[in-house]
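Observations on the model geometry
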Amino acid sequence: MAQNGSNSTVKLLGTWSSPFALRGRVALHLKSVEYEYIEEADVLNSKSDLLLKSNPIHKKVPVLIHGDVSICESLNIVQYVDESWPSKPSILPSDPKDRATARFWAHFVDGKCFESIDAAAGAKDDAGRMAAAGSLMECLAALEEAYQKSNKGGDFFGGQNIGYVDIACGAILGPLSVIEAFSGVKFLSQETTPGLVKWAEIFRAHEAVKPYMPTVAEFIEFAKQKFNV
């Protein structure tokens, strides 16, 4: 297993259904970091003392605990893992321009894409659902274009290996599958986003992802319980 200079213990607080905790698990797996995963069993209703101590501002998972240091926010965790364990494979590109571009698309996912997903999930009427669906389609079209421009003939956004943008985008697959199931609308399709359809299949099956990503059926069942539908 990969080690850094301090050899401090590593823990990750998460929930099995969290698309954001998934990011931390993928990054740690890619870097072959030995760590303890701690499941927050009912984070919506009951937060552990360790979570409240480790993330007193947001009180949310994921949280990476490295020795006596707590790292919060999923994209921040991924960057921290990449920098603290600099062994191959690199998660962020080495070129400054490419790193800036990767950060841009990651923030696009956490901003525009998740805003559209939340709007689609929470729409109260047909007009709201149509507007949210249109916004989400625009987001996915932008990601499709970014994928086609950046994959360099490989399977992932940066080429042949999973990188920062892949880990960021991977977080939308679970919520997107739930919205597709409830709405009957295919947001990822061969007609509109062929690259993303292929990418999603390969990403889900990757050895650093598959052990940690719930199935579509598990995501849907969780959503039914969460929203009492």
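A few points on the structure. Just so you know, these numbers come straight off a predicted model, no measurement behind them.

**A word on the pairing of strand 4 (residues 69-72)**
Direction of pairing for strand 3 (residues 63-66) relative to strand 4: antiparallel, over a ladder of four bridges. Counted as the bridge partner of Ile65 is Ser70 from strand 4.

**Thoughts on the packing of aromatic side chains**
Counting across every chain of the model gives seven aromatic pairs. Arranged with centres 5.0 Å apart and planes meeting at 85°, the rings of Phe104 and Trp105 form a pair that is edge-to-face. Residues Tyr147 and Phe157 carry aromatic rings whose centres are separated by 5.2 Å and whose planes lie at 75° to one another, so their mutual orientation is edge-to-face. Of the two residues, Tyr147 sits in helix 5 (residues 126-150) while Phe157 sits in the loop between helix 5 and helix 6 (164-170), which places them ten residues apart along the sequence. Assigned by exposure class, Tyr147 and Phe157 land together as buried. An aromatic cluster of three or more residues is present, and its members are Tyr147, Phe157, Trp199 and Phe203. Its end group placed over the ring of Tyr37, Arg25 keeps NZ or CZ at 3.8 Å from the ring centre.

**Let's talk about the sheet that holds strand 4**
Pairing is mixed across the open sheet formed by four strands, whose spatial order is 2-1-3-4. The open sheet is flanked by strand 2 (36-39) and strand 4, the only strands paired with a single partner. Taken over all neighbouring pairs, the strand axes of this sheet differ in orientation by 20° on average, direction set aside. The strands that helix 1 (residues 19-30) touches are strand 1 (10-14), strand 2 and strand 3; relative to strand 1, the one it contacts most, it runs at about 155°.

**Considerations on the pattern of salt bridges**
Once their charged atoms are close, side chains differing in charge can pair, the charge on each being opposite to the other. Taken as a whole and judged by the stated rule, the model has eight salt bridges. Linking Arg23 and Asp110 is a salt bridge whose minimum nitrogen-to-oxygen distance equals 2.7 Å. Of this pair, Arg23 sits in helix 1 while Asp110 sits in helix 4 (residues 96-122), placing them 87 residues apart in sequence. Taking the relative accessible area as the measure of exposure, Arg23 reaches 1% and is therefore buried. For Asp95, the salt bridge identified is with Lys97, shortest N-O distance 3.7 Å. Of the residues examined, Asp95 reaches a relative accessible area of 26% and is grouped as partly exposed. Accessibility expressed as a relative area gives 61% for Lys97, which makes it exposed.

Calculation criteria
Residues numbered from 1 in each chain as written. Predicted model: local features only at pLDDT ≥ 70, side-chain atom pairs only at ≥ 80, totals over all residues. Heavy atoms only, no water. Pairing = 2+ DSSP bridges. Helix = DSSP H or I, 4+ residues; strand = E, 2+ residues; numbered from the N terminus. Phe/Tyr/Trp six-rings, centres within 6.5 Å; stacked < 30°, edge-to-face > 60°. Buried < 20%, exposed > 50% of the residue type's maximum accessible area, 1.4 Å probe, protein only. Lys NZ or Arg CZ within 6 Å of the ring centre and 35° of its normal. Axes fitted to C-alpha atoms, helices over the stretch in contact; angles between N-to-C directions. Contact = heavy atoms within 4.5 Å. Salt bridge = Lys/Arg side-chain N within 4 Å of Asp/Glu carboxyl O.

That's the geometry; what it means functionally is another story.
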